[in-house]
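Chain and residue survey
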Amino acid sequence: MVAQFVKASLATGPAQRVIRAVKLMNSTGRADFPNQTREGRVEQGNTSECRVAANSAQDTLPTFQAMYCTVSWVEKTQLHNSSNAHRQGVCAPMSCSEKEVAVLVEKGLLGIKPEGSKWTPRDVDCVREGNDDEGVPIQWTIIQGLFVFSIGVLVLVGTAYEFIITVYYTKERKRSLTASKCGRFLMCFSLYSNTKKVFDTRQRPGELPALHGIRVLSCLWIIYGHVDMAAQFTNRPRAEFEARRREWWFFVLDCFDMAVDTFLVLSAFLVTHWFLQQLKKRNGEYTWKDAGRHYLHRYWRLTPVYLYLLLLALPSDKGCQTYWWTNLLYINNYFVGDGTTCLGVAWYLGVDMQMYIIAPALILLMYRKPKLGVAVNIFLVALSWVSYAGLRQLDVREEPEGFGSVYYWTPGRMGPYIMGMLLAYLLFRTNSKVSNTRATKIRMLLGWAIGIAIGLVATVMPTVLRATSPGFEIRGHIGWNAVDRSIFAAAVCWVIYACCVGYGGIISEFLSWKAWLPLSRLSYVTYLIHMMNIHVFVEQGNLIYGGLAGKRCNGDFWLHN
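Residues numbered from 1 in each chain as written. Predicted model: local features only at pLDDT ≥ 70, side-chain atom pairs only at ≥ 80, totals over all residues. Heavy atoms only, no water.

As annotated in an unreviewed UniProt entry, the protein carries the name Nose resistant to fluoxetine protein 6-like and is attributed to Branchiostoma belcheri.

What about the overall build of the protein?
Our working rule: The helix and strand labels rest on DSSP assignments: H or I over at least four residues marks a helix, E over at least two residues marks a strand, and numbering proceeds from the N terminus. Each residue is placed in one exposure class: buried if its accessible area under a 1.4 Å probe, protein chains only, is under 20% of its type's maximum, exposed if it is over 50%, and partly exposed if it falls in between. Throughout, a contact is declared for two residues whenever any of their heavy atoms are within 4.5 Å. The accessible surface values rely on the Shrake-Rupley method and a 1.4 Å probe; as for residues, cover is taken only from the protein chains in view.
The helix and strand inventory of the protein stands at 24 helices and 3 strands. Sorting the 561 residues of the protein into buried and exposed places 47% on the buried side. Partitioning the contacts of the protein with sequence separation of at least 6, the portion at a separation of at least 24 is 76%. Surface exposure of the protein reaches about 28200 Å², of which carbon and sulfur atoms provide 66%.

Thoughts on the state of the cysteines
The cut-off we apply is this: Two cysteine sulfur atoms form a disulfide, by the criterion used here, when they sit within 2.5 Å.
In this structure the tally under the stated criterion is 1 disulfide. A disulfide bridge connects Cys320 with Cys342, and the sulfur atoms are separated by 2.0 Å. Measuring handedness by torsion sign, the sulfur bridge of Cys320 and Cys342 sits at about 95 degrees and is right-handed. Taken as a pair, Cys320 in helix 14 (residues 318-328) and Cys342 in the loop between helix 14 and helix 15 (347-368) lie far apart in primary sequence, 22 residues in all. Since its relative accessible area comes to 1%, Cys320 is described here as buried. Exposure remark for Cys342: the relative accessible area of 3% places this residue in the buried category.

Topic: the environment of Tyr348
Using the following cut-off: Whenever a nitrogen or oxygen atom comes within 3.5 Å of another N or O atom, the pair is scored as a polar contact, on the condition that within protein one atom can donate a hydrogen and the other can accept it, and that pairs from neighbouring residues in sequence are kept only if both atoms are in side chains.
Inspection of the secondary structure assignment puts Tyr348 in helix 15. What makes Tyr348 buried here is its relative accessible area of 9%. Leaving out residues up to four positions away in the same chain, Tyr348 has contacts with Val260, Phe263, Leu264, Ser267 and Tyr527. Within the structure, Tyr348 has its side chain in polar contact with the backbone oxygen of Phe263 (distance 3.4 Å).

With respect to the pattern of salt bridges
The line we're drawing: Should a side-chain nitrogen of Lys or Arg be within 4 Å of a carboxyl oxygen of Asp or Glu, the pair is scored as a salt bridge.
Evaluated as defined, the whole model comprises 9 salt bridges. We note a salt bridge from Arg202 to Asp200, for which the minimum N-O separation is 3.1 Å. A residue is classified by how much of its surface remains accessible, and Asp200, at 14% relative accessible area, is buried. Note that Asp290 and Arg282 form a salt bridge whose closest N and O atoms lie 2.9 Å from each other. Exposure remark for Arg282: the relative accessible area of 34% places this residue in the partly exposed category.

Quick look at the packing of aromatic side chains
Cut-off, in case you're wondering: The aromatic pairing rule takes the rings of Phe, Tyr and Trp, using the six-membered ring of Trp, and pairs them if the centres are within 6.5 Å, calling planes under 30 degrees apart stacked, those over 60 edge-to-face and the rest tilted. Consider the ring centre and the ring normal. A charge sits over the ring if Lys NZ or Arg CZ is within 6 Å of that centre and within 35 degrees of that normal.
Across all of its chains, the model carries 23 aromatic pairs by this definition. Here the basic side chain of Arg413 rests over the ring of Tyr407, its NZ or CZ set 4.7 Å away from the ring centre.

So, the side chain of Ser190
By secondary structure assignment, the location of Ser190 is in the loop between helix 7 (181-187) and helix 8 (191-198). Owing to a relative accessible area of 1%, Ser190 belongs among the buried residues under this scheme. One polar contact links the side chain of Ser190 to the main-chain amide nitrogen of Ser193, over a distance of 3.4 Å. Sequence-distant contacts of Ser190, defined by excluding residues within four places in its chain, comprise Gly158, Thr159 and Glu162.

As for the UniProt feature "transmembrane region" (unreviewed entry) in the protein
The line we're drawing: UniProt positions are given in the numbering used here, feature names are shortened, and annotations may be inferred rather than shown by experiment.
Annotation from UniProt places "transmembrane region" (unreviewed entry) at residues 146-169, 247-276, 345-367, 374-394, 414-432, 444-467 and 487-511. Helix makes up 96% of residues 146-169 and strand 0%, whereas the separation of the span's terminal C-alpha atoms amounts to 33 Å.

Describing the packing of helix 18 (residues 438-459) against helix 20 (residues 478-500)
The angle between the axes and the distance between the axes are what describe a pair of packed helices. For clarity, the cut-off: For every element, the axis is a line fit to its C-alpha atoms; helices are fit only across the contacting stretch, and the angle between N-to-C directions ranges from 0 to 180 degrees. For any pair of crossing helices, the crossing counts as left-handed if the nearer helix is rotated counterclockwise from the farther one by less than a right angle, and right-handed if it is rotated clockwise.
Contact pair helix 18 / helix 20: the axes reach a minimum separation of 8 Å and the direction vectors enclose 145 degrees. By crossing handedness, the relation of helix 18 to helix 20 is classed as left-handed. Contacts between helix 18 and helix 20 involve Met444, Gly447, Trp448, Gly451, Ile454, Gly455, Val457, Ala458 and Thr459 on the former and, on the latter, Trp480, Asp484, Ile487, Phe488, Ala490, Ala491, Trp494, Val495, Tyr497 and Ala498.

Digging into the nonpolar core
Cut-off, in case you're wondering: Throughout this description, the term nonpolar core refers to a set of buried Ala, Val, Leu, Ile, Met, Phe, Trp, Tyr and Cys residues connected via side-chain atoms within 4.5 Å.
By size, the foremost hydrophobic cluster in this structure holds 79 residues, and its most contacted members are Tyr417, Met421, Ile496 and Tyr527. Excluding residues within four positions of it along the chain, Ile496 makes contact with Leu211, Ile214, Val265, Leu266, Phe269 and Leu423. The next biggest cluster of nonpolar side chains, apart from the first, holds 16 residues, and it includes Val90, Val101, Val105 and Leu110.

Right, here's the structure in full:
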């Protein structure tokens, strides 16, 4: 590929190559990375200069079109302190793959590369203008169109069916029609009925209303963090992002990914709570038929909307074009390399489903042999710490702050899930009640103090340490990465426990607010689609900003901005 690039570059004479070369270099971001004497910043370059100006230059060959790529440079694997990844925008030949672009930038053939040998390119992401659908088989496009069309038809038919039986039939007849198999199927797609269900704020007996608030706030936290993360890929100067990282309040953005661990705690808690209630009603009886229904219900509940979104992402997501099947098997969290990730945020569903599969065995063990079951689950929490630390040392994709392949793997992420199971079992054994005595109130007050303290340790402490000790990044330390999520999960577990036993106070009132219910029901779909919306927004912002910046772009733009 290097030879092809050089050959294409020499296809015209030196005098004729000037226009294209200047525009290609103008579009490349600077690579002034941190060292011992200065703090660097990385510019994203200019997408417009690469996509439009360079490709329309007088000396550009039809066979040599340019595309804009974002390269993440990281320090070579370290076991302790690691600085942040630094991103650089480069202009590359459209015929190159992401791996080939990585080779070119590492050799310094696409512009400026960082000084020294400690930097290596990672996570190259290229946008092929006007070539987004290349490589998508026509059958996939047909399947996508048919699936979307079928859903639309079912929604129209289901809504019309409910309208007709409501207007033209008596209540008894309507009840009879909706109880039939065909009626139940069509009513699943009725826009009217489903809208009423989504916005129904009635809290039914046995529900745990505080969980709705926790779920919504966690989802909003993730979206907020991803919006800020995506903003770093725009063409705006990166200096402002680097400066914010040293402010104490940055912990809100610094640890937004821990909200995913809240989802794991909630999922495990609800599954275990429901499962234990069913075992109690049936005197501990559980058959293989029950297990089959248990798994089938979960798969059917999650997969249809998941499949719909996978089909929507297929034309633009290169990973989905080849590795879509990993998502449907819920093993996609082990396929997170370049070109293999399909619907990136869905890695969480893989972890959750895999834990859901083994959950019945762990719950049954706690129900039938309480001491052994609790001991096994506690052992699994500790095992998750050891697994994360051990696997990360072997992780060739390790990134700063611990975001390598192991970040997505179930063995290292099961700690919060198991803790959610243990919490549900504790409430089951105590019937969600504690004695109303002065000693209990003191213990609960102490519990709140400890819960808040460990929550602050997990979220605020890493940011404060970075601000007070420049160059020290505890989030890049293996030991901290192994336990920080379990520490945060413990704080979440305390909030749930206190709210369930009646000692949540104003926090319980806030989390149990009825307005959270509709948003909570939409959180699953919101989580899956929010990155699609962010991607569209950022792309539009890049084009707008790139067009403005291109007007003031000159030969020294990439050096002095």
